[in-house]
Every structure is written in structure tokens, then in C-alpha cells.
Amino acid sequence: MRRTIVIAVAGASLAGCSSFSLDAFKPTPPTVQVQLESVPAGADARTSLGPGCKTPCSVAVPAPDSGFSVTYTLNNFQPATVPVQVIHIPGDFSTPASTTMDPNPVVAELQPAGPPPKAVRKMLKPKKPKPPKSMAAAPTSAGSPFPAPAPAAPPPPSPTR
């Protein structure tokens, strides 16, 4: 009977560890440091792999199998994206394998994001005001859309005594 109890206790203690993983034996992916800089400094830089910072800075990214990109943003400047190529150099018996980034440091020159510059306007001479037409030189109502005023009536004859 003792054997039965021992087996039941051992089975119950293993029931709590139902998910046993071999992740502890997997090698962690190597990380590489990438320098991020921008002109002007102080831009927000974010890699397509996730990490980001304010330039100038350095971020640790897991060494990807292929390239990735870094996007720079700064107020009043157009965002810029720089592609980064990952180069894996296999090792041999005397040297370990290595991973490098091209370019490193990753630098972006940000362009101002203002309205486009205005074209230089053609210099115009100020217009001279036209002199007023004199009454004598003014044409009669021939060209006017309004009828000519009626001539003044002669004064009534004065009563004679």
C-alpha cells in the first residue's frame, strides 16, 4: 500500500508543472548596438524592430536576419526613413560569428516642413491715378445712358403796371 501512495503523491506534484518548456536551453538572439543621429539633433528615432529614442542615442536591437529601417520625426520637419542593411559574417574555428549594420551610425538630415517658398513677385510700378475730367471737356449726354436734362424754362414775364 505504501507504493500506491508514493505514486499518487508524485503524480500530484507533477500536475502543477504541466507546461515544461525548453526555452531555457535556446540561445538568446544576439543584440547589436546601433547609433542613431539626426540633423538637427533631438528628433524621435524609432526602429522598425521596436526600440526608439531621442537623437543622438544608441539602441540595442536584436540582430535580424534581414534589414530594418529607422524613422525620424521632429516637429516642423518632414519625417525621414533610413534603411539599414544587416550583414552577418560567419565565424570559423578561430573567430566568432559577427553581425554588423550598414550604415552605423544611422544619420538622417531632416528637411523643414513649412509652406513652399513664395515666388518672387514681379515688381509693378504703382498706377498713376487718372486726372479728373473737367466739366468743359466732358462730353455731353450723347454717350450717357441717361437722357439729357431739359433746358431751364424762361422766367415768367413780369407783370407790367
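Above: the structure in question.
Now for a look at the structure at hand.

The rules behind each value
- Residues numbered from 1 in each chain as written.
- Predicted model: local features only at pLDDT ≥ 70, side-chain atom pairs only at ≥ 80, totals over all residues.
- Heavy atoms only, no water.
- Buried < 20%, exposed > 50% of the residue type's maximum accessible area, 1.4 Å probe, protein only.
- Helix = DSSP H or I, 4+ residues; strand = E, 2+ residues; numbered from the N terminus.
- Pairing = 2+ DSSP bridges.
- Core = buried A, V, L, I, M, F, W, Y, C linked by side-chain atoms within 4.5 Å.
- Contact = heavy atoms within 4.5 Å.
- Axes fitted to C-alpha atoms, helices over the stretch in contact; angles between N-to-C directions.
- Polar contact = N/O pair within 3.5 Å; in protein donor to acceptor, adjacent residues only side chain to side chain.

## So, the pairing of strand S2 (residues 44–47)
Phase 1 of the analysis: Residues Ala 45 and Thr 47 point to one face of S2 and are all buried, whereas Asp 44 and Arg 46, pointing to the other face, are not buried.
Phase 2 of the analysis: Relative to strand S3 (residues 52–54), S2 runs antiparallel, the two sharing three bridges. Bridging from a neighbouring strand, Ala 45 pairs with Cys 53 of S3.
Phase 3 of the analysis: Hairpin connection between S2 and S3: a loop of four residues separates the two successive antiparallel strands, and Gly 50 in this loop has a positive phi of roughly 125 degrees.

## Some words on the pairing of strand S5 (residues 68–73)
Regular strands have side chains that alternate between both faces of the sheet.
Phase 1 of the analysis: Where burial is concerned, the two faces of S5 differ: the one with Phe 68, Val 70 and Tyr 72 is buried and the one with Ser 69, Thr 71 and Thr 73 is not.
Phase 2 of the analysis: Pairing geometry for S2 and S5, over four bridges, is antiparallel. Within S5, the position partnered with Asp 44 by the bridge is Thr 73.
Phase 3 of the analysis: Of the pairings in the sheet, the one linking S5 to strand S6 (residues 80–89) comprises five bridges and is antiparallel in character. Residue Ser 69 lies in a different strand from S6, and its bridge partner there is Pro 83.
Phase 4 of the analysis: Connecting the antiparallel pair S5 and S6 is a turn made up of six residues, with Asn 76 showing a positive phi of about 65 degrees.

## A few points about the nonpolar core
Phase 1 of the analysis: Ranked by internal contacts, the top residues of the largest apolar core, which has 21 residues, are Val 34, Leu 36, Phe 68, Val 70, Tyr 72, Met 101 and Val 106.
Phase 2 of the analysis: At the level of elements, strand S1 (31–39), strand S4 (57–62), S5, S6 and strand S8 (106–109) are the ones that each hand at least two residues to this core.
Phase 3 of the analysis: Filtering out sequence-adjacent residues up to four positions away, Val 106 remains in contact with Val 34, Gln 35, Leu 36, Glu 37, Val 70, Tyr 72, Val 82 and Val 84.

## Remarks on the sheet that holds S8
Phase 1 of the analysis: In spatial order, the strands read S4-S1-S8; together these three strands make up an open sheet with mixed pairing. Each edge of the open sheet carries a strand with a single partner, namely S4 and S8. Taken over all neighbouring pairs, the strand axes of this sheet differ in orientation by 30 degrees on average, direction set aside.
Phase 2 of the analysis: Note that S1 and S8 share four bridges and pair parallel. Bridge pairing in S8 places Leu 36 opposite Val 106.

## Side note on the side chain of Ser 38
Phase 1 of the analysis: Looking at the element boundaries, Ser 38 is found in strand S1.
Phase 2 of the analysis: Given a relative accessible area of 9%, Ser 38 falls into the buried group.
Phase 3 of the analysis: Within polar-contact distance, the side chain of Ser 38 engages the backbone oxygen of Pro 40 at 2.7 Å.
Phase 4 of the analysis: Beyond its immediate sequence surroundings of up to four residues, Ser 38 is in contact with Ala 43, Thr 55, Tyr 72 and Ala 108.

These figures capture arrangement, not role.
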